[in-house]
Amino acid sequence: MSYQNIEVKPIAGRIGAKIKGVNLAENLSDEIISEIRKALVQYKVIFFRNQELDADGQVNFARRFGEITTAHPTVPSLPGHPEVLDLDYSRTVARANNWHTDVTFVDRPPLGSVLRALVIPPAGGDTIWANSVTAYQDLPEHLRNLADKLWAVHSNAYDYATAFDIPEEVKSYRDVFTSTVYETLHPVVRIHPESGEKGLFIGGFVRQIRGLSPTESADILRLLQSYITRPENTVRWRWQVGDVAFWDNRATQHYAVADYGDQPRRVQRVTIAGDLPLSIDGKYSQAIKGDSSAYIPNLVAA
Ligand SMILES: O=C(O)CCC(=O)C(=O)O
Ligand SMILES: [Fe+2]
């Protein structure tokens, strides 16, 4: 695929590209936006260095790709910026150091997010993204055939039985995170609405595979997840202040590496609304508890 208006430099072999020659604070032409979108779908996470965006500029850029969601279904936003999720890890105690796809507990999980680096520790605090399409392609045929038929329940509710040992601050953050409980049934393999590619759609909010016992479900998920986190399917980003990352949440998982102790780290996220995931046999995800209407303000109930 060729690009006329932007420079696209792949980073890892299967995921991730650096985009050069774009100032995200400018009012970009439709041609540039459509090439950025093409690069996003092709490379699944794209990176821009040395940007001088503020929160409003970040929202304006993200808005070119679709409707902006409220910052999070349950977590409060940056004061004065209802669309910005402020991840100030010196204040927010819950670190995203688990493999996940964002907000899959609602029926319309995000298309993607734009993340801007404000404070980065001198060493550590990288973020890793994984390609869930190449992970699916890596599965042996028999496992692929199995995955194709599975559906999973995703939820933001924690299993407190496994969390008796966590600090008080983390507990109170979790109470906010789960202040409204969502539950959704998604296909384990979804068709990407733009590329048509098939990819595994699981991650940290999956609670159980439909029709399997909790232990059977955990074993199958561990097996499928191991293909996602293979180093071949990942890219690791060493942040600099001023970097902007933009990922396709329909075809990736990510993990924020928590290896920087109590040094400050602050990033801010703006999220673009996504569609209802589609299974390979033509069925859509189904909300079980709660739906996306509070999260996607202009959503017209279907
Ligand atoms: O802190 C990060 O690098 C990423 C955190 C995260 O999971 C997110 O912004 O969705
Ligand atoms: Fe995330």
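Refer to the structure above for everything that follows.
Residues numbered from 1 in each chain as written. Chains lettered and ligands numbered in written order. Predicted model: local features only at pLDDT ≥ 70, side-chain atom pairs only at ≥ 80, totals over all residues. Heavy atoms only, no water.

What follows deals with the packing of aromatic side chains. This model, assessed by the stated rule, comprises 11 aromatic pairs. Between phenylalanine 48 and phenylalanine 61, the ring centres sit 6.1 Å apart and the planes meet at 80 degrees, which makes this aromatic pair edge-to-face. With a gap of 13 residues between them, phenylalanine 48 in strand S3 (residues 45–48) and phenylalanine 61 in helix H2 (residues 55–63) connect regions that are remote in the sequence. Of the two residues, phenylalanine 48 and phenylalanine 61, both sit in the buried class. Phenylalanine 61 gets classed as buried once you look at its relative accessible area, which sits at 3%. Ring pairs connect the aromatic residues Phe47, Trp129, Trp237, Trp239 and Trp247, which therefore count as one cluster. The aromatic ring of tyrosine 3 is capped on one face by lysine 38, whose charged end is 4.7 Å from the ring centroid. (Phe/Tyr/Trp six-rings, centres within 6.5 Å; stacked < 30°, edge-to-face > 60°. Helix = DSSP H or I, 4+ residues; strand = E, 2+ residues; numbered from the N terminus. Buried < 20%, exposed > 50% of the residue type's maximum accessible area, 1.4 Å probe, protein only. Lys NZ or Arg CZ within 6 Å of the ring centre and 35° of its normal.)

Let us now look at unusual backbone geometry. Non-glycine residue lysine 44 carries a positive phi angle of around 75 degrees. For lysine 44, the position within the fold is in the loop between helix H1 (30–43) and S3. Phi angles above zero are rare outside glycine, and valine 103 is one such case at about 55 degrees. With respect to the helices, strands and loops of the structure, valine 103 is situated in the loop between strand S4 (84–88) and strand S5 (112–119). With a relative accessible area of 3%, valine 103 lands in the buried category.

The subject of this paragraph is the pairing of S5. Of all the 8 residues making up S5, 6 are buried; the element is thus mostly covered by neighbouring parts of the structure. The pairing of S5 with strand S13 (residues 244–248) spans 5 bridges and is antiparallel. Bridge pairing in S13 places glycine 112 opposite aspartate 248. In this sheet, strand S15 (residues 266–272) lies alongside S5 in antiparallel orientation, the contact comprising 7 bridges. Counted as the bridge partner of valine 119 is arginine 266 from S15. (Pairing = 2+ DSSP bridges.)

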